[in-house]
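# Structural features, examined
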Amino acid sequence: MNIGTRAFKGSKARHPEHGEGLLHLDSRTMRVALSLFTFVLCLLPFALLRSSLAEPQNGQERTAAEPEYLTPVEIRLSMDGRKLFVVCEGNDSVLALNTQTKKVVARATVGHKPRGLALSPDGKTLYVSNEWSDTVTVVDVASFRVIRTLNTGWGPVGLTTDGVGKTLYVANSIADSVSLIDLASGTEIKRFTTHRYPEQVALSRDGRRVYVANLLPHLGSYDQPPVSELLVIDAAKQVVAERILLPGVIELRHIAEAPAMAGGHRGALGAGDLLVPFVRPKNLGPLIQVNQGWTLTHGVAVIRPAVHENVGQAASKVTEVLLDDIDYYFAGNDGVAFTPDGRRAVVVSAEGDTISVLDTAKLARRLAQVPAEELANRLDSAITFVTARLATGHHPTSVAVTPDGRWAYVANSLDDSLAVVDLATVGARHGSQLATIELGGPQTISVKRRGEQLFYAAKYCFQGQFACATCHPNAHLDGLAWNLETPQLGRDRVANRTLRGIRETAPYKWNGHNPDIATQCGPRIAKYLFRSEGFNTQELEALIVYLNDVPLPPNRHLAPDGQLTEAQERGRAIFYRDQTGTGQVIPVQNRCYTCHPAATHYTNRISTEVGSATKYDTSGLFDTPQLDRVYEDAPYLHNGEALTLEEIWTVFNNNDTHGVTSDMSKEQLNDLIEFLKTL
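Quick caveat, the model's predicted, so the values are computed rather than measured.

## Things to note about the overall build of the protein chain
A count of helical and extended segments in the protein chain gives 14 helices and 33 strands. In the protein chain, the share of contacts with a sequence separation of at least 24, taken over all contacts with a separation of at least 6, comes to 55%.

## Re the packing of helix 6 (residues 447-455) against helix 10 (residues 537-547)
For any two helices packed against each other, one specifies the crossing angle of their axes together with the interaxial distance. As a packed pair, helix 6 and helix 10 sit with axes 7 Å apart at the nearest point and diverge in direction by 95 degrees. Classed by the angle they form, the pair helix 6 and helix 10 counts as roughly perpendicular. Residue-level inspection shows Val447, Lys448, Arg450, Gly451, Glu452, Leu454 and Phe455 of helix 6 in contact with helix 10, the latter providing Glu539, Glu541, Ala542, Leu543, Val545, Tyr546 and Leu547. Split by residue class, the contact of helix 6 with helix 10 holds eight nonpolar, one polar and five charged.

## A closer look at the packing of aromatic side chains
For any pair of aromatic rings, the description rests on two quantities: the centre-to-centre distance and the angle between the ring planes. In the structure shown here, the tally under the stated rule is twelve aromatic pairs. Geometrically, the ring pair formed by Tyr576 and Tyr593 is stacked, given 5.7 Å between the ring centres and 25 degrees between the ring planes. Within this pair, whereas Tyr576 is found in the loop between helix 11 (566-575) and helix 12 (592-595), its partner Tyr593 is found in helix 12, the two being separated by 17 residues in sequence. Overall, the relative accessible area of 30% leaves Tyr576 in the partly exposed class. For Tyr593, a relative accessible area of 26% puts it in the partly exposed group. Aromatic ring contacts, followed pair by pair, group Phe575, Tyr576, Tyr593, Tyr602 and Phe675 into a single cluster. Sitting above the plane of the Phe330 ring, Arg389 keeps its charged end 3.7 Å from the centroid. Directly above the ring of Trp510 sits Arg497, whose terminal nitrogen or CZ lies 4.3 Å from the centroid.

## Overview of the packing of helix 11 against helix 14 (residues 666-676)
The N-to-C vectors of helix 11 and helix 14 enclose an angle of 95 degrees; their axes lie 7 Å apart at closest approach. The orientation of helix 11 relative to helix 14 falls into the category roughly perpendicular. Across the interface between the two elements, Ala567, Gln568, Arg570, Gly571, Arg572, Ile574 and Phe575 from helix 11 touch Gln668, Asp671, Leu672, Glu674, Phe675 and Leu676 from helix 14. Residue composition of the contact of helix 11 with helix 14, by class: six nonpolar, three polar and four charged.

## Quick look at helix 11
Among the residues of helix 11, Gln568, Gly571, Ile574 and Phe575 are the ones counted as buried. Taken end-on, helix 11 shows its buried residues confined to a sector of 115 degrees, consistent with a single buried face. In this fold, the buried residues of helix 11 make contact with helix 12 and helix 14.

## Comments concerning the sheet that holds strand 5 (residues 114-119)
With antiparallel pairing, the four strands of this open sheet are ordered in space as 5-6-7-8. The sheet terminates laterally at strand 5 and strand 8 (145-151), the two strands that pair on one side only. Across the sheet, the axes of successive neighbouring strands diverge by a mean angle of 25 degrees, strand direction being ignored. Across six bridges, strand 7 (residues 135-140) lies against strand 8 in antiparallel orientation. In the strand pairing of strand 8, Val136 is matched with Leu150.

## Re the side chain of Asp416
The topology assignment puts Asp416 in the loop between strand 26 (407-412) and strand 27 (417-422). A polar contact of 3.0 Å, which involves the side chain of Asp416, links it to the backbone nitrogen of Leu70. If sequence neighbours within four positions are ignored, Asp416 has contacts with Tyr69, Leu70, Thr71, Pro72, Ile437, Glu438, Leu439, Gly440, Gly441, Pro442 and Arg449.

## Quick word on the pattern of salt bridges
Counting across every chain of the model gives 28 salt bridges. We note a salt bridge from Arg304 to Asp273, for which the minimum N-O separation is 2.6 Å. Placement of the pair is Arg304 in strand 19 (residues 296-304) and Asp273 in the loop between strand 17 (256-257) and strand 18 (274-281), with a sequence separation of 31 residues. Through salt bridges with shared partners, a single network forms among Glu89, Lys113, Arg115, Glu131 and Glu199.

## Here's the deal with the sheet that holds strand 16 (residues 239-247)
Strand order in the open sheet made by the four strands is 13-14-15-16, with antiparallel pairing throughout. Two strands lie at the open edges of the sheet, namely strand 13 (198-203) and strand 16, each paired on one side alone. Strand-to-strand, the axes of this sheet are offset by a mean angle of 20 degrees, without reference to chain direction. Pairing geometry for strand 14 (residues 209-214) and strand 15 (residues 227-234), over five bridges, is antiparallel. The residue of strand 15 that forms the bridge with Tyr211 is Val232.

## Comments concerning the pairing of strand 24 (residues 386-391)
Counted residue by residue, strand 24 has five buried out of six residues, so it is predominantly covered. Summarising the sheet, strand 23 (residues 354-359) and strand 24 pair through five bridges and their orientation is antiparallel. Within strand 24, the residue paired with Ser356 across the bridge is Arg389.

## Points about the state of the cysteines
Scanning all chains against the criterion turns up zero disulfides. Free cysteine: Cys592, not disulfide-bonded; nearest cysteine sulfur from Cys595 at 8.9 Å.

## Observations regarding the pairing of strand 18
Burial within strand 18 is extensive, with eight of its eight residues counted as buried. Neither face of strand 18 is open: one carries Leu274, Val276, Phe278 and Arg280, the other Leu275, Pro277, Val279 and Pro281, and all of them are buried. Examined bridge by bridge, strand 17 and strand 18 share two bridges and lie antiparallel to one another. Along strand 18, the bridge assignment pairs Ala256 with Leu275.

## Things to note about helix 9 (residues 523-530)
Most of helix 9 sits out of view: six of its eight residues are buried. Of all the residues in helix 9, the buried ones are Pro523, Arg524, Ile525, Ala526, Leu529 and Phe530. Within two residues after helix 9, Arg531 carries a phi angle of roughly 55 degrees, on the positive side.

## What to know about the environment of Thr498
When you line up the elements, Thr498 lands in the loop between strand 31 (493-495) and helix 8 (517-521). We classify Thr498 as buried; its relative accessible area is 11%. Thr498 sits 135 residues away from Asp633 along the chain, and the two C-alpha atoms are 7.0 Å apart. Ignoring anything within four residues of it in the chain, the contact list for Thr498 reads Ala475, His476, Leu477, Gln626 and Asp633. A polar atom in the side chain of Thr498 sits 2.8 Å from the side chain of His476.

Rules used in this analysis
- Residues numbered from 1 in each chain as written.
- Predicted model: local features only at pLDDT ≥ 70, side-chain atom pairs only at ≥ 80, totals over all residues.
- Heavy atoms only, no water.
- Helix = DSSP H or I, 4+ residues; strand = E, 2+ residues; numbered from the N terminus.
- Contact = heavy atoms within 4.5 Å.
- Axes fitted to C-alpha atoms, helices over the stretch in contact; angles between N-to-C directions.
- Parallel < 35°, antiparallel > 145°, perpendicular 65-115°, else oblique.
- Nonpolar A, V, L, I, M, F, W, Y, C, P; charged D, E, K, R; others polar.
- Phe/Tyr/Trp six-rings, centres within 6.5 Å; stacked < 30°, edge-to-face > 60°.
- Buried < 20%, exposed > 50% of the residue type's maximum accessible area, 1.4 Å probe, protein only.
- Lys NZ or Arg CZ within 6 Å of the ring centre and 35° of its normal.
- Arc of directions from axis to C-beta.
- Pairing = 2+ DSSP bridges.
- Polar contact = N/O pair within 3.5 Å; in protein donor to acceptor, adjacent residues only side chain to side chain.
- Salt bridge = Lys/Arg side-chain N within 4 Å of Asp/Glu carboxyl O.
- Disulfide = S-S within 2.5 Å.

Dropping the structure here:
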């Protein structure tokens with residue numbers, strides 16, 4: 001603004017119509033005026049949006065009935081590579097695609113919200129996990145008919161059979177466990193406890209080990225870096241062999257194991273080495289430093305598993321390496337696969353809409369040249385071993401490479417399509433996908449669907465560092481506490497909150513300052529988080545439509561008929577009590593149901609002081625959180641200090657400022673928590 005700056009520099013300003021001396025603004029006043037003017041201009045579109053949502057543009061449609069999209073999230077090739085099996089989360093189906101004709105040749109209806117897919121060792125049977133039905137659908141490959149349904153733990157996602165097809169291993173994401181199901185009888189024979197949200201499972205090539213990757217990190221101190229875990233199960237003994245710790249990372253995704261190298265290629269990854277994609281957050285530093293880079297980085301863990309004859313022997317070796325470039329990031333690494341000769345690996349960036357092709361020999365050299373403690377934070381590694389970046393459709397999640405190593409198929413989950421890459425022609429570091437296979441989903445893009453695409457798109461953030469979904473995987477939470485807008489290190493640290501069922505729970509943010517989603521996801525995200533222009537008016541409208549419709553998952557603690565158990569009934573009585581056990585009246589403002597009324601998702605939608613503030617918090621007033629599916633929302637309190645529901649009261653409520661609980665017995669507190677889990 002050269003003209004404006006020149007006019008205000010002196011003690012007087014000259015105006016052609018009004019003569020001299022009308023403006024006597026110093027430089028500070030001028031800067032404030034310009035800042036206010038710019039701020040008002042930025043807010044104007046969002047203010048208009050809040051009062052009346054803009055009409056859909058650019059071919060977007062708003063319909064009374066949302067189109068039934070397929071949403072392909074997982075793919076597997078048949079043993080001969082002639083068929084590709086596709087799990088479609090959106091319409092509860094699994095498809096069979098002929099890889100020669102590129103046509104869908106069969107489909108079967110499975111349970112609700114299918115997520116994972118496994119193939120029996122003989123290639124004759126498919127197993128599809130149904131996250132919201134808590135089942136596995138068994139499909140005969142030849143007839144493509146459902147032959148039976150298996151019960152699992154809560155929220156099954158990843159799964160695999162053992163090497164001989166006798167036992168099915170299923171990761172139960174909500175139950176934080178792995179079910180072992182005897183396939184002869186169809187019953188669960190054993191269950192292992194995992195850490196948080198196990199979602200991916202893989203069988204080692206020799207059939208000796210089953211690996212389980214957890215989406216969320218261990219529950220731990222809110223002011224320490226996260227630690228994630230890869231569980232190792234001895235498949236022969238059916239015992240836990242090892243818990244491999246991955247420091248500083250979250251959101252472990254698919255697991256790929258390097259094959260034995262054809263001809264013994266020197267310098268490449270060893271047979272049995274694992275690649276596991278991750279996100280590396282810098283949540284302990286102010287997030288407003290996004291423009292300086294390194295706030296959220298993305299890479300793979302290279303894991304050399306220890307070969308155990310007995311449980312408890314030497315630990316596996318973990319090296320973390322980033323796949324981001326210095327000036328651009330590739331967010332949300334998810335699917336990963338090796339070529340059969342092991343010379344290359346393909347990694348899918350779900351939020352960057354990109355696949356990266358890795359030269360494994362060059363990757364091995366990089367691991368040998370740079371100390372492991374440095375690699376995890378260096379952005380100059382990918383250029384040494386990533387040979388190509390190829391564009392995909394919206395939100396690619398899974399990748400499969402054909403047995404001859406020629407083709408890679410990628411599931412574009414939010415396009416209802418597959419990207420097909422000819423790996424034989426990949427050479428340049430930047431290129432585009434070879435072809436697209438449409439799977440037969442709706443041809444129109446609704447406003448909600450466009451909003452979902454935006455939610456998973458990292459390109460709106462400075463240098464593509466992260467998307468909304470990076471910190472809210474599955475529209476939920478990442479299990480971390482973040483130093484967000486406050487520039488001082490360690491000040492006003494807040495725990496992440498779920499996005500499920502938030503339509504009627506305004507205001508937003510822990511301080512309750514954002515009255516609606518338009519404010520929360522408009523100028524605030526653009527200025528403080530994305531450090532970019534953010535979403536335009538139509539994009540923000542679409543994002544709001546999507547966020548307002550993110551559903552709550554089924555409640556696993558509540559009986560299908562809604563009847564409460566005896567413990568839950570006792571807990572309900574405590575929740576609604578107005579007197580202590582000794583007959584003293586509990587002040588209205590300190591009763592559970594006052595701040596958490598059932599009619600408004602168990603939040604009174606105002607900020608309240610409950611004594612949880614620390615010396616690092618600017619204010620002691622915090623927005624009252626909703627309690628729907630609260631058992632999935634750990635850690636708790638505004639800063640994530642309470643690791644469990646019990647700790648809210650046993651550790652952080654010594655003065656009865658967060659409800660009166662000092663008079664309760666352990667059994668009464670347990671009953672209260674059992675009731676809270678039913679909400």
